[in-house]
Amino acid sequence: MGLKIGVLAVQGDFAEHSKALVGVGAEPVEVRTPEQLDGCAGLILPGGESTAMSLLIRSAGLEQPIRELIEAGLPVFGTCAGMILLASRISDGREDQLSLGAIDISVRRNGFGRQIRSFESDLSVRGVDGPAVRAVFIRAPVVEEVFGDAEVLASVEYTFDGKGSLRVPVVCAQGSILVTSFHPELTDDLRIHEMFMVMIERSN
Amino acid sequence: MESQHNEIGTARVKRGLAEMLRGGVIMDVVNADQAKIAEDAGAVAVMALERVPADIRRDGGVARMSDPAMIEEIQAKVTIPVMAKARIGHFAEAQILQALQVDYIDESEVLTPADEAYHIDKWSFEVPFVCGATNLGEALRRISEGAAMIRSKGEAGTGNVVEAVRHLRSIVGDIRKITVSEPEELFGLAKIHQAPYELVAEIKRTGKLPVPLFCAGGLATPADAALAMQLGAEAVFVGSGIFKSADPAKRARAIVEATTHFRDPSILLKVSRNIGEPMVGIEMDGLETKMAERGW
């Protein structure tokens, strides 16, 4: 078996991430308790509802261990709700919302609008060769600001209600942290997960 | 206009939201205050309706789509997805709910059916639909009409989990039988289930329903949620069970924890303690109306 990669499994589409990890030759471990983080070479925070995930991370006693692992340089990949959890600033969130502060971006929850505005699009992502990446955005967060050491690897053009067409970042990275506003786990394209595996290899 | 082509309302986008709700609890709420309690307790979505099923049973009469103003108040109060119900076959109610931008429409047997022959053509909408089912054939017929999520029906408003268990076992059991069938048997199975052959063949190939399978109807305790999850549900709807109980906030929180940790009896034990009186349940024999028999 390949490297053990934890997938936070308190709520959300963790099963799709596990499937993608198997596809890139890794061994997924569902994480619901702190002990399950032991021996993981990386961690994925999946899509889901970030408010519910915040509560469940805290009640499971996972907040502190995850913070410490990020501090120690553990590679972490967050999609959608996972991106919100990893961002250093959340606008429009709840006051008690968990913010791990792992990447220097500011995000707005549901920034693309309600479900009726959820969409798919073809993107080019820096570091991903070949055809465009089909990106599925579900009530996705919008990255409003990128600062510090965070870099933008992909962006999308989108017509926002009342603001017109804007280009906004949708894939960002900083050190060993990778975040996407969309859900690479919902398609069969494994290239973003492969990119995360390369980040893990480089961090060792 | 965007330089690249952004596509809305695709099957993947519709089913995608259901995928995001997995492992979560969707709670029935009748006003903005209840919606806030639900969100604070960790609900992944709320179902906005004027009367919970227990009250619909008590009051009788025709149950219809809720007042849009009431749904709007809830949309303004919470950041999690807001769902709302339309009557079976009532596509005009669904059009209104889509214009309101609810996140999911439940074409629901809890409301009085509007059409005795046809369900809504759900493909013609951009907002996704969830539909109830008592067995696999019914689930596949709803999926072929465009449903992006299936919930086992159970018997809403009873606080009695027995029908939810029956429906879930029936759906999951029939999926399992398809996966071990020979290819030539699939045509006969499609006929038995009165379902499209392509969907039966897809189950054979993937081993699961083409859309997420959630459980609803009669769940009232953390143990009920854990039972549904262990039987194969991917998330749970709790209706009357929360706000008809003595301490809704505490019970809601306990059911959220139980749905995440459904295989961990030590956590189930912890969250089941001292959560106040549950709703009073009803035996199936005492029911005048079986809501699950609505739709086909």
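Structure: above.
Okay, so let's go over this structure.

What counts and what doesn't
- Counting restarts for each chain, with residues numbered from 1 along the sequence as it is written.
- Note on labels: chains are lettered from A, ligands numbered from 1, in written order.
- Totals for whole chains, interfaces and linings use every residue, but because this is a predicted model, local features are given only for residues with pLDDT of at least 70 and side-chain atom pairs only at 80 or more, for both listing and counting.
- Only hydrogens and water are removed before side-chain values are computed, so all heavy atoms of the structure are retained for them.
- Only one rule defines a salt bridge in this text: a Lys or Arg side-chain nitrogen within 4 Å of an Asp or Glu carboxyl oxygen.
- What counts as a helix is a DSSP run of H or I of at least four residues, what counts as a strand is a run of E of at least two, and both are numbered from the N terminus.
- Relative accessibility thresholds used throughout: buried, under 20% of the residue-type maximum; exposed, over 50%; partly exposed, between the two (1.4 Å probe, protein chains only).
- Residue contacts are defined here by distance: any two heavy atoms, one from each residue, within 4.5 Å place the two residues in contact.
- When two parts are brought into contact, each loses some accessible area as probed by a 1.4 Å sphere; the total of that loss over both is the buried area.
- Within 3.5 Å is the distance limit for a polar contact, defined as a pair of N or O atoms, with the added protein rule that one can donate a hydrogen and the other accept it, and that residues adjacent in sequence qualify only through two side-chain atoms.
- Charged residues are taken to be Asp, Glu, Lys and Arg, nonpolar residues to be Ala, Val, Leu, Ile, Met, Phe, Trp, Tyr, Cys and Pro, and polar residues to be all remaining types, Gly included.
- Two strands are said to pair when DSSP picks up at least two bridges between them.
- Disulfides are defined as pairs of cysteine sulfur atoms found within 2.5 Å of each other.
- Fitted lines through C-alpha atoms give the axes, limited to the stretch in contact for helices. The angle between two N-to-C directions lies from 0 to 180 degrees.
- Should an angle lie under 35 degrees it is considered roughly parallel, over 145 roughly antiparallel, and from 65 to 115 roughly perpendicular; all remaining angles are considered oblique.
- Handedness of each helix crossing follows the sense of rotation of the near helix against the far helix: counterclockwise by less than a right angle gives left-handed, clockwise gives right-handed.

## Focus on the pattern of salt bridges
Residues and elements named next belong to chain A. Summed over the entire model, instances satisfying the criterion amount to 35 salt bridges over all chains. For the salt bridge of Glu 49 with Arg 109, the shortest nitrogen-to-oxygen distance reads 3.8 Å. Of the two residues, Glu 49 is situated in the loop between β3 (42–45) and α2 (50–59) and Arg 109 in the loop between β6 (103–108) and β7 (119–123); the sequence distance between them amounts to 60 residues. Neither residue differs from the other here; Glu 49 and Arg 109 are each classed as buried.

## Section: the interface of chain A and chain B
In this complex, chain A contributes 44 residues to the contact, which on the side of chain B involves 44 residues. Approximately 3,600 Å² of surface area, both sides summed, lies buried where chain A meets chain B, with 50% of it carried by carbon and sulfur atoms. Residue A:Glu16 pairs with B:Arg22 through a salt bridge whose shortest N-O separation is 3.2 Å. On the surface where chain A and chain B come into contact, there are 21 residue pairs in polar contact (both at pLDDT 80 or more). Of all the elements in the fold, those that place two or more residues in the side of chain A that touches chain B are α1 (14–23), α2, β7, β8 (133–137), β10 (151–160) and β11 (164–174) of chain A. If you tally residues by element for the side of chain A that touches chain B, the top one is α2(A), at five residues. Residues belonging to the side of chain A that touches chain B are distributed by class as follows: 14 nonpolar, 14 polar and 16 charged. Sheet analysis places β7(A) next to strand β1 (residues 7–8) of chain B, joined by two bridges and oriented antiparallel. Each residue of the ladder has a partner; that of A:Glu120, found in β1(B), is B:Glu7.

## Points about the state of the cysteines
Residue and element names in this part refer to chain A. Under the defined criterion, the tally for this structure stands at zero disulfides over all chains. Lacking any disulfide linkage, Cys 80 is separated from the closest cysteine sulfur, that of Cys 172, by 14 Å. Here Cys 172 falls in the buried class, since its relative accessible area comes to 0%.

## Examining helix α1 (residues 11–20) of chain B
Counting buried positions along α1(B) yields seven of ten residues, so the element is predominantly enclosed. For α1(B), the elements touching its buried residues are α1, β7 and β8 of chain A together with β5 (104–108), β7 (149–152) and β8 (213–215) of chain B.

## Remarks on the packing of helix α8 (residues 186–193) of chain B against helix α9 (residues 197–206) of chain B
All names here are of chain B. Here α8 crosses α9 at 120°, and the two axes come no closer than 9 Å. Comparing their axes, α9 and α8 come out oblique. In this structure, the crossing between α8 and α9 has a hand that is right-handed. Side by side, α8 and α9 meet where Leu 186, Phe 187, Leu 189 and Ala 190 of the first sit next to Tyr 197, Val 200, Ala 201 and Lys 204 of the second. When its residues are assigned to classes, the contact of α8 with α9 shows seven nonpolar, no polar and one charged.

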